[in-house]
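Examination of the molecular architecture
Listed below, chain by chain, are the residues.
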Amino acid sequence: MPWSKPFVFLLCLTPFGLLVWGAVNNDLGADPTNEITHQTGTWALRFLLASLAMTPLRKLLGSAWPIRFRRMLGLFAFFYATMHLATYVFVDLGLYWPQVLEDVVKRPFITVGFAAWLILLALAVTSTRGMQRRLGRQWARLHKLVYLAIGLVILHFLWLVKADLREPLIYAAVALVLLAFRVKPLKMLRH
Amino acid sequence: MSYRYKQPKPSEITPESIYKRRRELLKAAGFGATLLPLSPSLMADSEEGPQGSAIKASKSPLSSDLEPNSWNDITTYNNFYEFGTGKGDPARNAHTLQAKPWTVTVSGEVDEPGQISLEDVMSTFPMEERIYRLRCVEAWSMVVPWVGFPLAELIKRFKPNSRAKYVAFKTLYDPQQMPGQRRAVLPWPYVEGLRLDEAMHPLTILATGIYGRELPNQNGAPLRLVVPWKYGFKSIKSIVSIELTEEQPPTSWNLAIPSEYGFYANVNPEVDHPRWSQASERVIGSGFSLFGNRRETDPFNGYAEQVASMYKGMDLSRHF
Ligand code: HEM
């Protein structure tokens, strides 16, 4: 499938394209800033979950192809998380951007979001083949941090809603299923 | 629909686009600008203009000269959990609300308890236009040209007695009409309350319309409270009951999360919400621009001069 990678790449860019299209056409509702924050945050979480789904998918299908997409999906999670952060700082806060420093210290939901973003940054920077080779065994240990990141993002989401927890709980359930595949006894069931 | 009050002539109803450009138009008034037909560019986007029956309203000195948000902003960006928790849900779902006929029960510490129908409300109280900024506790704001009348006028008619210290309000409870009430996101029905002096303050109104039209369902039809110096959640919608009480009444968000939402809920840039800052607010309708969507939040949402004295001696970080 030589075209599968470019195809998936374009597919992953579609939500971003739709947001740009919506912003240009002023079609993002009464509060475009919040809409972009929500969309980019949600897509960052979805791509993170998608990249976490590749290993279990390989096991289930007994085929290696899902692993070829794992890095790309993870990098897209970082891309959307970065757009999310940039929207908050430059568009939402705007001239009040120094407030983000206060937020990171004072608002637990931002603190955990920021911690998650730092992890994604570290994983993105070390995602190249070269880095993988250079870090050797350390690389696998470092990239286990993705489990912490997904936990922090879900905490971030649960913490920011006012009263309706349904949506973050659905993502939490998906994350739990994906993490359950990593637990030893379940792994053995698969072999 | 029949109205006992005089219907305005179409020429008396200001189209929203002209409304928004009033200041420029006033300058150009010598050229008869208000009679110009809407230019195609103004009508080009798919946004619908004000809809619904017109209400005649006079200007009020208590109004502001802020530039109102568009009809579209005001009627598609709503927090009204009775119709769903998303901002767009009320506009999609509120068509099931039967705003007519409607009666409000006034009870409690009053000498003449009773009911009043919406028609009586409309024919009894002279309607005024009040352009207020609405500051949501979620740190955004928009400017709404309300049509309404002072709550004090209605309360006086039912003759509060000397025990009346507070006013308790209740939204309709009917999960058939309000599907959001089928899930216990908040304790239903939605209840709110004011101290009597707050309720009698001339800035406090019961709104029946926006943009010179009757309230759309998603904005709290047919009758809602507007208290401009408090966070938006105090301004309870679709009111069916007003009760004068001796004790401070329970309020919904305070019942749901007491550590985050107090009884007073005065707009206060100095007292942050436990999870976010209240120092500034995102201005809805300023579109999407880098560095241009935010303003500093004013104490009491800009009404400190008129209302701060009511809270003299109170620790506002405790009574948030
Ligand atoms: C410093 C880093 C971050 C900041 C400052 C930040 C800030 C925010 C803000 C302000 C909101 C919206 C709150 C509201 O409803 O008004 C939000 C929502 C959200 N964020 Fe973040 N965030 C950060 C990192 C992340 C990361 C790394 C992810 C995912 C990988 C993420 C995922 C989400 C999700 C899923 C939502 C909810 C979207 C929704 O309501 O539908 N955030 N974030």
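My aim in this report is to walk through the structure given alongside it, one point at a time.

Cut-offs and rules
- Residues numbered from 1 in each chain as written.
- Chains lettered and ligands numbered in written order.
- Predicted model: local features only at pLDDT ≥ 70, side-chain atom pairs only at ≥ 80, totals over all residues.
- Heavy atoms only, no water.
- Helix = DSSP H or I, 4+ residues; strand = E, 2+ residues; numbered from the N terminus.
- Contact = heavy atoms within 4.5 Å.
- Areas by Shrake-Rupley, 256 points an atom, 1.4 Å probe, with all protein chains shown as cover.
- Buried area = accessible area lost by both parts, 1.4 Å probe.
- Salt bridge = Lys/Arg side-chain N within 4 Å of Asp/Glu carboxyl O.
- Polar contact = N/O pair within 3.5 Å; in protein donor to acceptor, adjacent residues only side chain to side chain.
- Donors = N, O, S within 2.8 Å, 3.2 Å for Na, K, Ca; no water.
- Tetrahedral: all angles 85-135°; square planar, octahedral: opposite > 155°, others 65-115°.
- Buried < 20%, exposed > 50% of the residue type's maximum accessible area, 1.4 Å probe, protein only.
- Core = buried A, V, L, I, M, F, W, Y, C linked by side-chain atoms within 4.5 Å.
- Phe/Tyr/Trp six-rings, centres within 6.5 Å; stacked < 30°, edge-to-face > 60°.
- Lys NZ or Arg CZ within 6 Å of the ring centre and 35° of its normal.
- Near = heavy atom within 4 Å.
- Axes fitted to C-alpha atoms, helices over the stretch in contact; angles between N-to-C directions.
- Parallel < 35°, antiparallel > 145°, perpendicular 65-115°, else oblique.
- Left-handed = near helix turned anticlockwise from the far one by under 90°.

**What about the overall build of chain B?**
Each helix and strand in chain B was counted, giving 10 helices and 13 strands. Of the contacts formed within chain B by residues at least 6 apart in sequence, a portion of 72% connects residues at least 24 apart. A total of about 14,200 Å² of accessible surface is found on chain B, and carbon and sulfur atoms cover 53% of it.

**Overview of the interface of chain A and chain B**
In this assembly, 26 residues from chain A lie in contact with 32 residues from chain B. Summed over both partners, the interface of chain A with chain B comes to about 2,500 Å²; 54% of that surface belongs to carbon and sulfur atoms. The largest share of the area that chain A buries against chain B comes from Ala30(A), Tyr96(A) and Lys162(A), three residues that together contribute 29% of it. Applying the counting rule to chain A against chain B returns 6 salt bridges. There are 11 residue pairs in polar contact (both at pLDDT 80 or more) connecting chain A and chain B.

**What to know about the coordination of the iron atom of the ligand**
Residue and element names in this part refer to chain A. His84 (NE2) and His156 (NE2) make up the full set of protein donors to the iron atom of the ligand, lying at 1.9 to 2.0 Å. Here the iron atom of the ligand binds 6 donor atoms, and the angle range of 85 to 179° at the metal identifies the geometry as octahedral. Taken as a pair, histidine 84 in helix α3 (residues 67-93) and histidine 156 in helix α8 (residues 145-160) lie far apart in primary sequence, 72 residues in all. The residues histidine 84 and histidine 156 share a single accessibility class, namely buried.

**Some words on the nonpolar core**
Within the largest apolar cluster, 82 residues are counted, with the highest numbers of intra-cluster contacts made by Trp146(B), Leu154(B) and Ile242(B). If you tally residues by element for this core, the top one is strand β5 (residues 140-150) of chain B, at 6 residues. Apart from the residues lying within four places of it in its own chain, the contact partners of Ile242(B) are Val104(B), Thr105(B), Val106(B), Ser107(B), Leu151(B), Leu154(B), Val167(B), Ala168(B), Phe169(B) and Leu206(B). Counting residues in hydrophobic clusters, the runner-up holds 36 residues, among them Leu49(A), Leu52(A), Phe76(A) and Phe157(A).

**A word on the packing of aromatic side chains**
For any pair of aromatic rings, the description consists of the separation of the ring centres together with the inter-plane angle of the planes. Residues and elements named next belong to chain A. This model, assessed by the stated rule, comprises 24 aromatic pairs over all chains. Here tryptophan 43 and phenylalanine 47 contribute two aromatic rings whose centre-to-centre distance is 5.7 Å and whose plane-to-plane angle is 40°, an arrangement assigned as tilted. Taken together, the residues tryptophan 43 and phenylalanine 47, both in helix α2 (residues 32-61) and 4 residues apart, mark about one turn of the helix. On the basis of relative accessibility, which here comes to 8%, the residue phenylalanine 47 falls in the buried class. Seen from their ring centres, phenylalanine 79 and tyrosine 80 are 5.1 Å apart, and the 75° between their planes marks the pair as edge-to-face. Residue classification places phenylalanine 79 among the partly exposed positions, given a relative accessible area of 26%. These aromatic residues form a ring-pair network of at least three members: Phe9, Phe16, Trp43, Phe47, Phe76, Phe79 and Tyr80. For arginine 46, the ring lying beneath its charged end belongs to tryptophan 43, and the centroid distance is 4.5 Å. Seen from the ring of phenylalanine 69, arginine 68 lies directly overhead, with NZ or CZ sitting 5.7 Å from the centre.

**Examining the site of the ligand**
Residues and elements named next belong to chain A. With respect to spatial proximity, 21 residues lie near the ligand, and among them His38, His84, Phe114, His156 and Leu160 are the closest. Separating an oxygen atom of the ligand from a side-chain N or O atom of asparagine 34 is a distance of 3.5 Å. Measuring from a nitrogen atom of the ligand, one finds a side-chain N or O atom of histidine 84 at 2.7 Å. Going through the elements one at a time, α2, α3, α5 (108-125) and α8 are the ones with two or more residues in the shell around the ligand. Top element by residues in the shell around the ligand is α2. It accounts for 7 residues.

**Focus: the packing of α5(A) against α8(A)**
Residue and element names in this part refer to chain A. Two elements in contact, α5 and α8, have axes whose closest approach is 8 Å; the angle formed by their N-to-C orientations is 155°. For the element pair α5 / α8, the angle class is roughly antiparallel. α5 and α8 meet at a crossing whose hand is left-handed. Facing Pro108, Phe109, Ile110, Val112, Gly113, Ala115, Ala116, Ile119, Leu120 and Leu123 of α5, the residues of α8 in contact are Leu145, Val146, Leu148, Ala149, Leu152, Val153, Leu155, His156, Trp159 and Leu160.

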